[in-house]
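Next come the chains, spelled out residue by residue.
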Amino acid sequence: MRYAETGFNLEIDLARGSIERVATDPRLTELHLGGLGTNARTLWDRVSPETDPFSPDIPLIFGAGLLGGTPAPGANRTIITAYSPQTLLMGYSLMGGFLAPELKHAGYDKVILRGKSPNLVYLWIHNDKVEIRDASHLKGKGAVETQELIRQELKEANAQVAAIGLAGENRVYTASIEQGRSSASRLGIGAVMGDKGVKAIAVRGTKDVHLARPAEFYELCNDVLKYIKFRNENPVPNVMTILQGLGSPQEMLHVDEKWHTENFMWGNSRVRRKDFWNKEIEEKWKSVQLNVRKRLISCYNCPMKCGAIISVPGISTYMMKCFSKLTYTMAAFVEDLDFGFRIAQRATEYGVDGFSTPQMMAFAFELKDAGILTDADFEGCPSDNEGKFYWLLDRIVRREGIGDVLADGTYWAAQKIGKGAEAYAHNNIKKHEQLPLKLGMLNPVYFLMYSTGEKINITQIEGQFPQAPFATMAEREEFVRDWIQVPDEKFKQIVLDWEPRGERSNPYYPTVDMSVDIVDWQEKMHYIDDTLGVCAGLSSFPLKPPYHIHNYPRFVSAATGIDMDEAGLTQVYNRSRNLIRAINVRRGLRRADEKPPEDHWKKRFPELEAKLLDAYYKFRGWNNEGIPTKETLHELGMDDVAKDLEQRGIIKNGQGEEENQNHQDRP
Ligand code: SF4
């Protein structure tokens, strides 16, 4: 009997139309547990690094986390992986909602899609019955609309459906996969789904997910629920409102946008509007938000309510979450929040990433103002800010005219446009648009997480360690008093000693070594979440969450029967961290790619930044180019990975290659 996991994957060859239920190897569970780790292993084992992201050989994997479908609160993430068309590296994007638990109850840990379907299809997974169904009638339909049409067609109101919109069908590099209460938006994973000719996946499952020690597991779940209640009743004091609670910052709940609108950049991530927020705007925006927000909603088995049902008169209802209520508004320099809610509805139906897409549009209009793009590129485009954005969004998702160039994201669009356009694609890491945030002073922890992260996701820069020092000693002492989540007491001392100004302040404090330790802790929690399928909003993302390194091993042990402790879980994390790094170095990732945008901080410290990267690589057991050494891979039981890198000449004499060449556009 397999516990927590089902022990079966669905392997679907879209070209042949074949469907197989395949038993998985329990040894892989011991090595990687599930979710992200086993997705990565499949990608490593099956795909050569030279493969194009749109090759039929690329497996598009929908993986449930190890705890998905169990009673663990918030264990609802679907981890979707392939190669990203935008970064050319491993792309993984996560969605909450209900899909992964439904998949587990249908009897599968993963759905692995291979090949390409000659016609547009959707998958219908209903326990043991799995069908590839014609979706030609859904071509061009919205991602939200499609979900409802499929439920009606199947006469199955409880089916969970993940679908792409027009953007995915047209392989727009920022295409998302939408699913009722969540979406997988980053890294163009929706474009890969569209390329495979799959419009949607619908799942209904009614089987049990077995637990090794159910009574113990339920007790742990109840402890987590109690802690969530406690945290909701006791917000973290002395930090910004959005950092006080759990969940993904509950943008739908809060109406105070002073911090975002005055600190995040407007337009193409360049213009800071320090005095934007005032009483009049506050009242106006509050009234708009409360009018369109019909109710707050949760993902599967979670007491938090991070999303909201949005209903703007005259257009269909949709779900919104997080910061996307502001991204279009700010990119377009529109001061009416109503615009943000209206255009986000269209963008959700098209199925695009709400972070990158507005930046692509702002980038285009900046190029027009600079004379690099011309009136001919924008023929028929209205002149008002709102109209301009709607016009361009329509063209991007259809890949029409200039929209076809922009649909590849700012990095690739700038390469195609030339004439100095590259300087305007200024807000990228690893060829992907980043947060439109520009700060004053470099924060060493944030620098490392931002530079070296493989997830290219905004939440990966935040973690259980505070992002800024507390002003007074009394505040610091209050913060560390009930900080049960720390893996080591030394982190408390760092918080106590960290000052807003002076010797013990950013960028030289936390020190290089302390920064590396903090990053290791934060990354560890992100990797464990993505392996277990638990929402980062209850673990790696907020301060003082209910899940942490001390209780996670007990969850794994009680769920699976595997004897897991903190050291064991850390080893699983290190293994997956290094495997994903190996996948990416095999795809050409090197040190030169690991740098935040030049203008991300007003003051940069090149020497310190180099020291931070050196120390981080050393700590990881990587060489100076960020390549895992043979010894590191051996210690993690991945000699096969080391051998492959050696055969490709990436590891020489046990070390990764040392030359600092430009690998930007490999392979
Ligand atoms: S914390 Fe929010 S985003 Fe996370 S599972 Fe719960 S409702 Fe969903």
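Because the structure is a prediction, the values reported are computed rather than measured.

Q: It is not clear to me how helix H4 (residues 143-154) should be interpreted in this structure. Could you clarify?
A: Residues spaced three or four apart along an α-helix point in a common direction, a consequence of the helix completing one turn every 3.6 residues. With twelve residues, H4 should cover 16 Å at 1.5 Å per step; its first-to-last C-alpha distance of 17 Å lies within 8% of that length. Ala143, Thr146, Gln147, Ile150, Arg151 and Leu154 are the residues of H4 that are buried. Angular distribution of buried residues about the axis of H4 spans 135°; they occupy a single face of the element. Here the buried face of H4 lies against strand S7 (121-126), strand S8 (129-134), strand S9 (160-163), strand S10 (177-179), strand S12 (198-204) and helix H12 (337-350). Lysine 155 sits one or two residues past H4 and shows a positive phi near 55°.

Q: Can you walk me through the site of the ligand in this structure?
A: The ligand sits among Asn76, Arg77, Gly247, Ser248, Ser298, Cys299, Cys302, Met304, Cys306, Lys321 and Cys535. Here the residues of the shell around the ligand are counted per class, giving five nonpolar, four polar and two charged.

Q: What am I meant to see in the packing of aromatic side chains here?
A: Aromatic rings considered in pairs are described by the distance between their centres and by the relative angle of their planes. All told, the structure shown has 31 aromatic pairs when counted by the stated rule. Look at tyrosine 411 and tryptophan 412: their rings are 4.8 Å apart centre to centre, the planes differ by 90°, and that puts the pair in the edge-to-face class. Residue class for tyrosine 411 comes out buried when judged on its relative accessible area of 12%. Residue classification places tryptophan 412 among the buried residues on the basis of a relative accessible area of 19%. Pairing tyrosine 508 with phenylalanine 605 gives two aromatic rings, centres 5.8 Å apart and planes at 75°, and the pair type is edge-to-face.

Q: Mind showing me how you'd approach the pattern of salt bridges here?
A: Applying the stated rule across the entire model yields 53 salt bridges. For arginine 114, the salt bridge identified is with aspartate 13, shortest N-O distance 3.7 Å. Of this pair, arginine 114 sits in strand S6 (residues 110-114) while aspartate 13 sits in strand S1 (residues 8-13), and the two are 101 residues apart along the sequence. Close ionic contact of arginine 620 with aspartate 520 constitutes a salt bridge, the shortest N to O distance being 3.3 Å. Residue arginine 620 is located in helix H23 (residues 606-620), and its partner aspartate 520 is located in helix H20 (residues 512-532); the two are separated by 100 residues in the primary sequence.

Q: Looking at this structure, I do not really get the sheet that holds strand S15 (residues 318-321). What am I missing?
A: Hydrogen bonds between backbone groups are what pair the strands of a sheet, and the pairing can be parallel or antiparallel. Spatially, the three strands line up as an open sheet ordered S13-S14-S15, and their pairing is antiparallel. Edge positions in the sheet fall to strand S13 (293-297) and S15, since each has one partner strand and no second. Averaged over all adjacent pairs, the angle separating strand axes in this sheet is 30°, with direction ignored. Where strand S14 (residues 307-310) lies against S15, four bridges are found, and the strand directions are antiparallel. What sits directly across from isoleucine 310, in S15, is tyrosine 318. Of the strands in this sheet, S13 and S14 touch helix H10 (residues 279-292), which is tilted by about 70° from S13. The strands that H12 touches are S14 and S15; relative to S15, the one it contacts most, it runs at about 110°.

Q: So what exactly am I meant to see when it comes to the environment of arginine 554 here?
A: Looking at the secondary structure, you find arginine 554 in helix H21 (residues 552-560). Residues arginine 554 and alanine 471, 83 residues apart in the sequence, show an inter-C-alpha distance of 36 Å.

Q: What exactly am I supposed to notice about the sheet that holds strand S3 (residues 60-64) here?
A: With mixed pairing, six strands are arranged side by side in an open sheet as S2-S1-S6-S3-S4-S5. Either end of the sheet is taken by a strand with one partner, and the two such strands are strand S2 (18-23) and strand S5 (90-95). Ignoring strand direction, the axes of neighbouring strands in this sheet form an average angle of 15°. As judged from the six bridges shared by S1 and S2, these two strands associate in the antiparallel manner. The residue bridging aspartate 13 from the neighbouring strand is serine 18, located in S2. This element, helix H3 (residues 99-106), spans S3, strand S4 (78-83) and S6 of the sheet and lies at about 85° to S3.

Q: Got a minute to help me understand the side chain of lysine 199 in this structure?
A: Among the secondary structure elements, lysine 199 is positioned in strand S12. Within the structure, lysine 199 has its side chain in polar contact with the backbone oxygen of isoleucine 164 (distance 2.9 Å).

Q: Mind showing me how you'd approach the pairing of S5 here?
A: Consecutive residues of a regular strand have side chains that alternate between opposite faces of the sheet. Along S5, six of the six residues are buried, which leaves the element largely enclosed by surrounding structure. Alternating residues of S5 divide into Met90, Tyr92 and Leu94 and Gly91, Ser93 and Met95, and every residue in both groups is buried. Judged from the six bridges that link them, S4 and S5 form a sheet pairing that is antiparallel. Within S5, the position partnered with isoleucine 80 by the bridge is serine 93. Where S4 hands over to S5, the hairpin turn is made up of six residues, of which leucine 88 adopts a positive phi near 70°.

Q: What is the right way to read the nonpolar core from this model?
A: A general trend in soluble globular proteins is that nonpolar side chains are found buried together. Phe62, Leu113, Ile125, Ile177 and Leu392 are the most contacted members of the largest nonpolar core, which totals 194 residues. Among the elements that make up this core, the one with the highest residue count is H20 (nine residues). Membership of the second largest hydrophobic core comes to twelve residues, among which are Leu120, Tyr122, Leu138 and Ala159.

Q: Would you mind showing me how to read the environment of leucine 439 here?
A: Here leucine 439 is to be found in strand S18 (residues 439-441). Residue class for leucine 439 comes out partly exposed when judged on its relative accessible area of 26%. With 162 residues separating them in the primary sequence, leucine 439 and tryptophan 601 have C-alpha atoms 4.7 Å apart. The residues contacting leucine 439, other than those within four sequence positions of it, are Tyr446, His600, Trp601 and Lys602.

Parameters and conventions
Residues numbered from 1 in each chain as written. Predicted model: local features only at pLDDT ≥ 70, side-chain atom pairs only at ≥ 80, totals over all residues. Heavy atoms only, no water. Helix = DSSP H or I, 4+ residues; strand = E, 2+ residues; numbered from the N terminus. Expected span 1.5 Å × (residues − 1). Buried < 20%, exposed > 50% of the residue type's maximum accessible area, 1.4 Å probe, protein only. Arc of directions from axis to C-beta. Contact = heavy atoms within 4.5 Å. Near = heavy atom within 4 Å. Nonpolar A, V, L, I, M, F, W, Y, C, P; charged D, E, K, R; others polar. Phe/Tyr/Trp six-rings, centres within 6.5 Å; stacked < 30°, edge-to-face > 60°. Salt bridge = Lys/Arg side-chain N within 4 Å of Asp/Glu carboxyl O. Pairing = 2+ DSSP bridges. Axes fitted to C-alpha atoms, helices over the stretch in contact; angles between N-to-C directions. Polar contact = N/O pair within 3.5 Å; in protein donor to acceptor, adjacent residues only side chain to side chain. Core = buried A, V, L, I, M, F, W, Y, C linked by side-chain atoms within 4.5 Å.

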